[in-house]
Amino acid sequence: IKYDIHQWNRNHKLKVFVVPHSHNDPGWINTFDEYYERQTKHIFSNMLRHLDEHENMKFIWAEIVYFSKWYDSLTSPESRDTVKK
């Protein structure tokens, strides 16, 4: 990304957005369940904790098959609401 450094100053600050992202390929080296148990559900649990702690935080996830499995396992309505927000 290129920008003119003179365009930004103390009154007109450059905004930088950092978007947490993670990615797991279902069945690439390990099986779907191995990835889920060893990595994915822990990523989601950490994501949920951080979303709860930081109201404006967002999270991006590409593999809906993992997300669906994890989301369906949530028993707390509050956790589901946090994810939806």
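Residues numbered from 1 in each chain as written. Predicted model: local features only at pLDDT ≥ 70, side-chain atom pairs only at ≥ 80, totals over all residues. Heavy atoms only, no water.

Trainee: Quick question: what am I supposed to make of the pattern of salt bridges here?
Mentor: Close approach of charged atoms allows side chains with opposite charge to pair. One pass over the structure, following the stated rule, counts four salt bridges. E34 is paired through a salt bridge with R38; the nearest N and O atoms lie 3.8 Å apart. Taken together, the residues E34 and R38, both in helix α1 (residues 32–53) and four residues apart, mark about one turn of the helix. R38 gets classed as exposed once you look at its relative accessible area, which sits at 55%. A salt bridge links R49 to E53, with the nearest nitrogen and oxygen atoms 3.8 Å apart. Pair noted here: R49 and E53 are both in helix α1, with a separation of four residues, about one helical turn. Note on E53: relative accessible area 48%, which makes it partly exposed. (Salt bridge = Lys/Arg side-chain N within 4 Å of Asp/Glu carboxyl O. Helix = DSSP H or I, 4+ residues; strand = E, 2+ residues; numbered from the N terminus. Buried < 20%, exposed > 50% of the residue type's maximum accessible area, 1.4 Å probe, protein only.)

Trainee: Explanation requested: the nonpolar core in the structure shown.
Mentor: Grouped burial of nonpolar side chains is what soluble globular proteins tend to show. Core analysis: the largest hydrophobic core is formed by 12 residues, namely Y35, Y36, F44, M47, L48, L51, W61, Y66, W70, Y71, L74 and V83. Looking at this core, the elements with two or more residues in it are α1 and α2 (64–73). If you tally residues by element for this core, the top one is α1, at six residues. (Core = buried A, V, L, I, M, F, W, Y, C linked by side-chain atoms within 4.5 Å.)

Trainee: Explain a nonpolar patch on the surface here, please?
Mentor: Nonpolar side chains collect at one region of the surface, where I1, Y3, I5, L14, V16 and V18 lie side by side and expose about 760 Å² of accessible area between them. For I5, the location among the structural elements is in the segment before β1 (21–22). Residue I5 is classed as exposed on the basis of its relative accessible area of 60%. (Patch = residues over 30% accessible without salt bridge, like charges linked within 9 Å, V, L, I, M, F, W, Y side chains within 5 Å. Areas by Shrake-Rupley, 256 points an atom, 1.4 Å probe, with all protein chains shown as cover.)

Trainee: Looking at this structure, how should I read helix α3 (residues 77–84)?
Mentor: Given 3.6 residues to a turn, an α-helix orients residues that are three or four positions apart in the same direction. For α3, every residue scored as buried is listed here: S79, T82 and V83. All buried residues of α3 project into a common sector of 95° when viewed along the axis, lining one side. Residues P77, E78 and K84 are exposed on α3 and point more than 90 degrees away from its buried face. Elements that come into contact with the buried residues of α3 comprise α1 and α2. (Arc of directions from axis to C-beta. Contact = heavy atoms within 4.5 Å.)

Trainee: So what exactly am I meant to see when it comes to the layout of surface pockets here?
Mentor: Computed from the structure, the largest pocket encloses a volume of approximately 170 Å³. Along its surface, the largest pocket is lined by M47, L51, M57, K58, F59, I60, W61, I64, F67, T82, V83 and K85. Here the residues of the lining of the largest pocket sort into nine nonpolar, one polar and two charged. (1 Å grid on protein atoms, 1.4 Å probe; cavity = no way out; pocket = protein on both sides within 12 Å on 5 of 7 lines; lining within 4 Å. Points joined across faces, edges and corners; volume = space filled by probe spheres on them. Nonpolar A, V, L, I, M, F, W, Y, C, P; charged D, E, K, R; others polar.)

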